[in-house]
Structures are given as C-alpha cells and as structure tokens.
Amino acid sequence: MYKYLLLCISLLFLCSCEDESNTYEVGSSWMDADSKIVMIDTLTMKMSTIMMDSVITSGKSVMMIGNIKDHTFGRVSSSSLFELTPASYTLTSPTNAVFDSVVMYLTNTDFYYGDTLKTYKLNVHPLTDRIKLNNGYLYNKSNFNYSPNSIGSAEFYPRPNTDSSYVKIRLDQSYGQTLFNILKNSDVNNQEYFLNFYKGLALVPSSDNDAMLRFGINSSYLVQINKSTKEKVSNMVRMYYHTTSQNGTELVKYTLDLNPSTNYQYNKIQSDFTGSELAGLTPTNPIPSANLGNKTYLMAGIGVYTKVEIPYLKSLKNVYENYKIIDATLTVSPVAGYYSNQFYNPNPLYYYVGDKLNHIISSYTSDGSTEITASLSDSSEFQNEHAYNFSLSSYFNTILTETVNSNYNTLIYPSSYRDVLSGKTVFGDQKNKTNPAKLKVYILGY
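If you're wondering where the values come from, they're calculated on a predicted model, not measured in any experiment. (Residues numbered from 1 in each chain as written. Predicted model: local features only at pLDDT ≥ 70, side-chain atom pairs only at ≥ 80, totals over all residues. Heavy atoms only, no water.)

Colleague: Can you help me understand the nonpolar core in this one?
Modeller: Ranked by size, the top nonpolar core spans 39 residues in total, and within it Met 104, Leu 106, Ile 169, Leu 201, Leu 203 and Phe 215 carry the most contacts. Here the element with the most residues in this core is helix H2 (residues 173-185); it accounts for five residues. The residues touching Ile 169, leaving out its near neighbours within four places in the chain, are Val 102, Val 103, Met 104, Leu 106, Leu 122, Val 124, Gly 152, Ser 153 and Ala 154. Counting residues in hydrophobic clusters, the runner-up holds 33 residues, among them Met 45, Val 332, Val 353 and Phe 390. (Core = buried A, V, L, I, M, F, W, Y, C linked by side-chain atoms within 4.5 Å. Buried < 20%, exposed > 50% of the residue type's maximum accessible area, 1.4 Å probe, protein only. Helix = DSSP H or I, 4+ residues; strand = E, 2+ residues; numbered from the N terminus. Contact = heavy atoms within 4.5 Å.)

Written out as structure tokens, the structure reads:
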C-alpha cells in the first residue's frame, strides 16, 4: 500500500512538469518565457520654459480683467474689448421716447486670481477702432484703440460666486443720450450700420489692482435693481427710457439691451517680466530649466509653456532586439514654495506634441480624437507627493517607429491652447531637489 501511494505521488509530479507551458500570450502574439518587462527611469530629460508668439483669446464667452504682480511672473494685465449688439435697432414709440439712463451689468464667475481683500477698480472706455478678426480669431496681442476718456467706472470688493457677484456701472449720461439719439433718429436697421456709430467698449483694470477676475458673458443673476424691483441680468449694457401714457399723466418705462458679441470679443493680455524670475523670456528666447534654479514655468493667457525633450529616447531600441513599450509616464510636481490652491496649480493640465520650433502639431488623444489631460493628484497631506501624471506611451511608440527623425517634443500648458482659462504653476525638472520630474518607461523585451 505504501509503495502504491508513493507511485501515485510521483506520477502526479511528473504530469505537472509536463503541463507547464514556456510561452504566454500578450495581446495576440505569443512570447517566449525568456522575455521580461523592464522598468527604465534613467532617461535624460531636457526641460525649458518657452513663450508662444500669441494666444487665441476670442470666442470663449469670458471677459478676463485685472492685474497680477509678483516676483515669479512679473506684471500681467488683461483688458476685455468687445462689440455690442442691440436686441433691437428701433425704440418703442420713438417719437415720444425720452432717455433716462444707461447702465452696464457684469456678472462675475466663480473664478478669482490674486488679492480679493483689496478694492477692485475698472473703467469703461468706448472703442475708436472697429474690431476685426485675424483668420477668424482674436489674440492676446490683438490691438484696437479706445478713447482715453472713461465713460464709467466701478470700485468694489470682489465676491466671486455669491449673491453680490454682479457689478453695476452707471455710464456717462451724455454718452447714453448720444446712443439713444442714434437709435431714435437714424435709419439704423442692421449691425454693420450700427457699428459706424457705436464700435464697442473696452473694460480696463486700474493699475492699483492686484487681482484678476472673469466675467461670464452667458452667465446671469437675478439682482435687486432698486428697493422694489428685481431683474435678471447678464453681461450687457441696458438702456432705460420712457414714454407717457395716453392720458399723459403716467410714465411707461422701457429697456433696450445691448449684448456683448461672443465672436467679436477678446482679452488683450500684456506681460512684463522685468525684475521677475522670467526676465529675458521672449518667444525667440526660451530659458532652460537649469538657468531657472531647475524649474520650469507655465501661465495661460500669455502663452508660457513647459517644454520637455527626451534626446536619447531612441536609445531604447538597443535594449532588446524585439520590444514593445507597455507604459511611459511623465510625472511633474509643483515646486515647494510655489504651491497654493488659491493662485496656482490649474486642474487639469493639457499637453501637446510640438515640433522643434515649438509649434503645436497635435493633441495627445486616447482614441485618436478625444483629447486627454492630466489632473493633479493631491490626496496626500505631503505637498511633495502632489503631482501630474502624463501618459506618453503613444508618443514613445510613434517616435520609436518613425523612419525619419521628427525632432518632436512635449509641450505642457495650463489650459487648452485655444482657451483663456487662467492658471499658472512652477514645476521642478529632473535635478530639482524638492520636487524632481520623473520619467518611467516599461518595456517588454524578448
């Protein structure tokens, strides 16, 4: 019995050895058991801060107005210029109509940037130039003149995303009267003719401001106009006028709204890096991270990107005769001392494939059409563990399979490069002591 049991156990071990396969399936291919996955984290990265010639700031239904002053980015200011389109080119009972006043309403979004404990000031100026598109767009450096004379101003404490998030600006009475007379007495019946008289407005921040606010063109609020009246208002100019009733004793009140154009509106954003960490940065003069204390910078609106180059990427071909990139992830972190939930670290970040001249070639996509982004991972209580993770797998496979050297690189930006959503941050490069950038590549070799 003992010998019989020993024989059965021996046969069982023998069958197990014979059933063991020395191949396994990856995708649709069978690889030898000798193949293995290797992680490489020693690829050299060259990082730098670059600046685009210009950034598209039109067509986003956002008026960005204000100033920012700090030692990192220097001085950045933004004004918003736009056409206005009347809801109607005629007045009710124009013969008997009498002008009362004209008021501009602005509705603040839940965005603010800077010091909102100080009073915020802005001025309204009439445009003297017609706004004209450049290939269908307007840019942060587009320039159209406006009168140096203000026709209205506001001074208030910013209260984003609250019931007091709207701003009421009483415009100059004589300016409103002129506009009223044009609509009352002229044969204005279309926008083109209207713009001969009324080209639009510019909202210009005071130089005393130290905050940036966004006013949403399509956002609206129910606001208390006076003690007895509430009205739903959005970003617009509202003209008030009246006629008398048939018995001649009562006033009949009317309003006419002039709405900002979504196409002929843009944010004129200007920057001055004098005395800041980015002094010397221009579209033709990028700054290597080594010259900035092993840091790179990003800021929307003025087109400041972080550029990542991997000069020896093609050396991965020498690791194995046959290989496949399983994963490639770039991790970058906001540098200690520059981290602030209020002022920095936009979420998400966008990234693009750029050429050697820093022109954007394409977006990173998940399925060939859906643009992918990187979100900030900040669940840890330790700031040095807050990071953005960028998937570069498709980029690596493209570069490794190309037959001609394309000199492509990766460009990281706080928002879509066609957008004006504000945001700024500072990253560490590979040699940064507190928040180094990391690149991990997983290769299946066989």
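Colleague: Can you help me understand the packing of aromatic side chains in this one?
Modeller: Here a ring pair, both rings aromatic, is described through the centre-centre distance and the interplanar angle of the planes. By the definition in use, this model includes 16 aromatic pairs. Taking 5.4 Å as the distance between ring centres and 20 degrees as the angle between the ring planes, the aromatic pair formed by Tyr 241 and Tyr 254 counts as stacked. With a gap of 13 residues between them, Tyr 241 in strand E15 (residues 236-244) and Tyr 254 in strand E16 (residues 251-272) connect regions that are remote in the sequence. Since its relative accessible area comes to 23%, Tyr 254 is described here as partly exposed. Ring geometry for Tyr 351 against Tyr 364: centres 4.3 Å apart, planes inclined by 20 degrees, an arrangement best described as stacked. Placement of the pair is Tyr 351 in strand E21 (residues 349-354) and Tyr 364 in the loop between strand E22 (360-363) and strand E23 (373-374), with a sequence separation of 13 residues. Given a relative accessible area of 2%, Tyr 364 falls into the buried group. (Phe/Tyr/Trp six-rings, centres within 6.5 Å; stacked < 30°, edge-to-face > 60°.)

Colleague: So what exactly am I meant to see when it comes to the side chain of Ser 393 here?
Modeller: If you trace the backbone, Ser 393 turns up in helix H4 (residues 393-401). Among the polar contacts listed, one links the side chain of Ser 393 to the backbone nitrogen of Ala 328, at a separation of 3.1 Å. (Polar contact = N/O pair within 3.5 Å; in protein donor to acceptor, adjacent residues only side chain to side chain.)

Colleague: Explain the environment of Asp 257 to me, please; I cannot follow it from the model alone.
Modeller: Among the structural elements, Asp 257 can be located in strand E16. By relative accessible area, Asp 257 is classed as buried at 18%. Sequence separation between Asp 257 and Ala 87 is 170 residues, and the spatial gap between their C-alpha atoms is 5.6 Å. Apart from the residues lying within four places of it in its own chain, the contact partners of Asp 257 are Thr 85, Pro 86, Ala 87, Met 236, Val 237 and Arg 238. Here the side chain of Asp 257 touches Arg 238 through a polar contact of 2.6 Å, side chain to side chain.

Colleague: Quick question: what am I supposed to make of a nonpolar patch on the surface here?
Modeller: A cluster of nonpolar residues, Ile 37, Met 39, Ile 326 and Tyr 442, forms a patch on the protein surface that exposes about 340 Å² of accessible area. Inspection of the secondary structure puts Ile 326 in strand E20 (residues 323-332). Judged by relative accessible area, which is 39%, Ile 326 ranks as partly exposed. (Patch = residues over 30% accessible without salt bridge, like charges linked within 9 Å, V, L, I, M, F, W, Y side chains within 5 Å. Areas by Shrake-Rupley, 256 points an atom, 1.4 Å probe, with all protein chains shown as cover. Salt bridge = Lys/Arg side-chain N within 4 Å of Asp/Glu carboxyl O.)

Colleague: Help me out: how do you make sense of H4 in this one?
Modeller: Spacing of three or four residues puts side chains on the same side of an α-helix, whose turn is 3.6 residues. Inspection of H4 places Ser 393, Tyr 395, Phe 396, Ile 399 and Leu 400 among the buried residues, and these make up the whole buried set. All buried residues of H4 lie within an arc of 160 degrees about the axis, which places them on one face of the element. (Arc of directions from axis to C-beta.)

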